[in-house]
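Here is how the chains run, residue by residue.
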Amino acid sequence: MSAFTFCTVQYESGDWDSAPLVPANVIDSVARYTSIEVNPTGAIVPLASADLLRYPLAYLTGHLPVRLSPAERAMLRTYVTRGGLLFVDDHNHDIDGVFHKSATEELARALGAPLKALPNTHALYTSFFKFPDGPPTTGHELNGWGDNLVHANLFAHLIGDRIGVLYSSKDYSSEWGYHPDNKRFQSVDNTRFAVNIVVYALTR
Amino acid sequence: MSALERLGRVQRELMMAVVAGSVVWAACAAVGWFAVLAVVDRFATLPLAWRTAAPAIGALLGLAAAAWRVRRAGAFTDARAVALWVEGVAPSLRYALVTRVDPAGAASADALERVIAAVAFEPPVRRAAWQPLARPALALAIGLVVLLVLPSGAVARLARPVPGDVVAASRAPGDALAHVAITIVPPAYSGVATSRLEDAARVSALVGSAVRVEGAAAGLPVTVRADSLRVVLRDSGARWSADLGMPASPTVLRFVQGTRERLLLLEPRADSAPIVSLTVPARDSVLKSATGVLRLAASASDDIGLVGGAFEVVISSGEGENFRFRTITVGRTALGNVRAATLGGGLRLDTLKLEPGDLLHVRAIARDRNTVSGPGLGASETRAIRIARAGEYDSVSVDGAPPPEVGKGVISQRMLILLTEKLLKQRAAIAKDAFVREARLIARDQNTLRKQVGDVIFSRLDDGGGGGEHAHDDGDDHGALTPEQLLAAANEATQAAGAEPLDFAGGESPVVNINRPLLEAYNAMWDAGRELGIGDAKAALPHMYVALAAIQKARLAERVYLRGRPKEVVIDIGRVRLAGKSDIIGPAARLPRGTLDATTLARLARFDAALGLLATARAAATDSLLLLRAELLGVAPELAAPLGEAVDRLRAGTDATEALVVARRTLANVSSHATPLGAWGRAP
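What comes next concerns the included structure. Treat the numbers as computed from the prediction; the structure is a model and nothing was measured.

Across its full length, chain A carries six helices and seven strands. The order of α-helices and β-strands along chain A, N terminus first, is β-α-β-β-α-β-α-β-α-β-β-α-α. Across the 204 residues that make up chain A, the buried fraction comes to 47%. Taking the intrachain contacts of chain A between residues at least 6 apart in sequence as the baseline, contacts between residues at least 24 apart amount to 77%.

If you want it as structure tokens, here you go:
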């Protein structure tokens, strides 16, 4: 079994590379808290590429409008159907923003159904660390940036009881977008939820 | 009197006998202990520590003896037990008394009473109760007699031992140096009580302390040798004594009697000067004008006591070669011999007639009560308060910032447009040469900004951020585009944009694909710079507007961070999991210890020679180490310290191995590592 590689999805529209430090931070947390074999650097894979199927977890973010090409849409559908988990995070943390509106619309079109609220009792929140209150809040939510909302839950597209697409308006891309060496300045590591997502993607 | 009443009287008498027996036995044990110790001390002088513990041990022995006797009283609290004991002493009762006490015998009480009345059991019972006290009483008497016949002071040596009384009990015939007592009277100003030492090898005391060394006179007279110290030696027949003052430097006293010699090392302890710290004002400062009150505060402490304190202010006026100084003292405070105090005060600047440029040097001072070597004066650090001169107000208290990096200043495109527009408005009023010169200056700034934009374009490519025009300028050819190539790419992008909306689906270089708005700005800046370079500011303005619009478009389209793209972070998994290995950090190389210098070797030789004497001449070895310590005290106190402990242990007759090991390691400059376990934490 090969080591886990964190995959960032590159899509043709928008700024897919708006959170370049998130992969390193997630990799650091996986290495720090788990015994999962993990590659020291992530991979960047075009959404339309069949290479995406080699990665059990893919991360997609951005600020700008998301418009998927037919090929990207088809690969997204294939990826989710074949067991992949696409984690989409709105880097604008704004439900009135262009990313949220266009990304949710594109996902619904590609998956054939709109995203649904993920219960805060879902296994995702206990897959490694315990988050009894659901998804952890971010500094941007608490500081009133973006839509000035503290989002109560994440959204997801479920295949049976398995998450195929996990969608966040909480802006984890900003929350986790710092150099891993700076974790030592935090009393509680705010990237622990990323470990849950990775473990969930690898075990479900 | 009935039988039960008679039995009650017997029981009370038995209890009294037991209590009396306890007292006698306790006194016997305590007096016996003292008598034995006193006799032993008479023939072999006991150490002070033993004699100090003697009263407590004697009391414990007495209590133990009393407790042992009192426990028997418990048996006599029961009437039946007493009756049985009486039956044993007076067999003629034939168990009538025991039966009478027993409730079962109540039916024949009259008959039993008649039998018991016929027997007078009290006399034998009284004898049996009191007779056992005879032996301890005799022992107590013997002990008391022994204590009484001992010479005067013998009991006091045990009951109230004091350092120095060993001299009175010295029993070494002909040896006046066997035991010495040292009395130290510190200077009166210190307020420290007089102390006495017994058979010490070294004396540590404040400089100026009066020291008296005493011993029992026996045999030949005692003489004393001290380098330059004045010692008054007296011999009163029974005792000899030497009086001296504690010198300022370590000194060895050599007491000599015939062929015998005893060394005493005098270790002076200097009275430290007061420690003063000025807390307010906390730092140097510049005052705009000499008005108001300058608050002053300080703290002072001393090991003996402070007499007083004050603030000293030195005012310097003038400039160049003409300076005047005056000194004033404010906030004078009597401190009353306290060990720590705070000083406070205020300085009215209005009254000092200060001029601009005058300088105040403020410090706090404190004096201790040393009357021997003069009052110790402690002073704080000095603060400088300057009165600013006119015209320097805008420059005071401004920390200098480093100059900007050469060539890094960039003027924004909007500001360049404003400068160009302003230049155009002045065109009619200035000469052509001046106009062209100004235009070229703007062109230079325009080109600088263009290069900055080029850097941003390339920093967003995956070439590690080292591209841009500078790469070519620096001669580092690693694939970056030249300005011309970059311009060509920009031209291609902008010309295509002018014709029709671009389709960047494929076939373009990554430079164009990612950076189209910035390439447009770059292209326009190039044109603007060229026009400005030839002095045609009017022709440059349209290009500058285009460049500004392109930059705005890029800014609106996406976030452009002029600081560039962060480098890719590669996680060191091993390090994160605390399982990594470092190739650069290894165990420190073991190096041979450096060669010791001649002085250290000589000291080690003396130390080793003294160690060699230990087995055969312990006193001589101790004296050798003491002399070595005396020498080191002046030149290397850190080496002398472990020697002191070794000497003390040797003189006290205890195990000095560890102290000697530490002393030798210190002398040989051998570094030692601390044990991870404390003294109490020995591994099982």
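Now that the structure has been shown, the text picks up again.
Our focus in this paragraph is the overall build of chain B. Within chain B, the regular secondary structure consists of 19 helices and 16 strands. A fraction of 66% describes how many contacts in chain B between residues 6 or more apart in sequence connect residues 24 or more apart.

Before going further, it helps to spend a moment on helix α3 (residues 79-89) of chain B. Residues and elements named next belong to chain B. For α3, the set of buried residues is V82, A83 and V86. Here the buried residues of α3 occupy an arc of 100 degrees about the axis, which is enough to place them on one side. Where α3 is buried, its residues contact α1 (3-43), α4 (96-101) and α6 (122-130).

Glancing now at the nonpolar core. Nonpolar side chains tend to gather and get buried jointly when the protein is soluble and globular. In this structure, A58(A), L86(A), L166(A) and V198(A) are the most contacted members of the largest nonpolar core, which totals 59 residues. Put simply, the parts of the chain that give this core at least two residues each are β1 (7-10), α1 (22-33), β3 (57-62), α2 (70-81), β4 (85-90), α3 (98-111), β7 (162-168) and α6 (192-203) of chain A. Counting residues per element, this core draws most heavily on α6(A), which supplies eight residues. Ignoring sequence-local partners within four residues, the contact set of A58(A) consists of C7(A), V9(A), L52(A), Y79(A), G84(A), L86(A) and F87(A). Counting residues in hydrophobic clusters, the runner-up holds 46 residues, among them V166(B), L177(B), A646(B) and L667(B).

Before going further, it helps to spend a moment on the sheet that holds strand β9 (residues 260-269) of chain B. Residue and element names in this part refer to chain B. Strand order across the open sheet formed by four strands is β3-β9-β8-β5, with mixed pairing between neighbours. Looking at which strands have only one partner, the edges of the open sheet turn out to be β3 (202-206) and β5 (223-225). Each strand of the sheet is rotated relative to its neighbour by a mean of 25 degrees, with strand direction disregarded. Summarising the sheet, strand β8 (residues 251-257) and β9 pair through seven bridges and their orientation is antiparallel. The residue of β9 that forms the bridge with V256 is E261. Against the sheet, helix α17 (residues 618-635) contacts β3, β8 and β9, and its axis sits at roughly 30 degrees relative to β9.

Moving on, we get to the environment of A83(B). All names here are of chain B. Residue position: A83 is located in helix α3. Residue classification places A83 among the buried positions, given that 24 C-beta atoms sit within 10 Å. Along the sequence, A83 and Y95 sit twelve residues apart, while their C-alpha atoms lie 8.7 Å from each other. The contacts of A83, once residues within four sequence positions are left out, are L7, L97, V98 and V101.

For a regular strand, side-chain orientation follows a simple rule: the groups alternate between the two sheet faces. All names here are of chain B. Counting buried residues in strand β4 (residues 210-216) gives five out of seven residues, a clear majority hidden from the surface. One ladder, built from six bridges, connects strand β1 (residues 180-185) with β4; its direction is antiparallel. Within the sheet, the bridge partner assigned to V180 lies in β4 and is G215. Both β4 and strand β7 (residues 239-245) contribute to a ladder of seven bridges, which runs antiparallel. Across the sheet, V211 pairs through a bridge with L244, a residue of β7.

Let's shift gears to the packing of α1(B) against α3(B). All names here are of chain B. Two numbers describe how α1 lies on α3: the axes approach to 10 Å, and their chain directions differ by 90 degrees. One way to sum up the angle between α1 and α3 is to call them roughly perpendicular. Where α1 abuts α3, its residues L7, V10, Q11 and L14 lie against A79, V82, A83 and V86. Each residue belonging to the contact of α1 with α3 can be placed in one class, and the counts come to seven nonpolar, one polar and no charged.

Turning to the interface of chain B and chain A, a few remarks are in order. Interface size, as often reported, equals the accessible area lost upon joining of the parts. With eleven residues of chain B at the interface, the matching set in chain A holds 14 residues. Each residue belonging to the side of chain B that touches chain A can be placed in one class, and the counts come to six nonpolar, no polar and five charged.

The next thing to look at is unusual backbone geometry. Residues and elements named next belong to chain B. In the segment running from V280 into P281, the intervening peptide bond is cis, with an omega of 0 degrees. Along the chain, P281 turns up in the loop between β10 (275-280) and β11 (285-287). In this structure, D199 is a non-glycine residue whose phi angle is positive, near 55 degrees. Phi angles above zero are rare outside glycine, and N337 is one such case at about 65 degrees. Counting through the fold element by element, N337 comes out in strand β13 (residues 322-348). Residue N337 is classed as partly exposed on the basis of its C-beta count, with 16 C-beta atoms lying within 10 Å.

Each value, and the rule that gives it
Residues numbered from 1 in each chain as written. Chains lettered and ligands numbered in written order. Predicted model: local features only at pLDDT ≥ 70, side-chain atom pairs only at ≥ 80, totals over all residues. Helix = DSSP H or I, 4+ residues; strand = E, 2+ residues; numbered from the N terminus. Buried ≥ 20, exposed ≤ 12 C-beta atoms within 10 Å, placed from the backbone. Contact = placed C-beta atoms within 7 Å. Arc of directions from axis to C-beta. Core = buried A, V, L, I, M, F, W, Y, C linked by C-beta atoms within 7 Å. Pairing = 2+ DSSP bridges. Axes fitted to C-alpha atoms, helices over the stretch in contact; angles between N-to-C directions. Parallel < 35°, antiparallel > 145°, perpendicular 65-115°, else oblique. Nonpolar A, V, L, I, M, F, W, Y, C, P; charged D, E, K, R; others polar.

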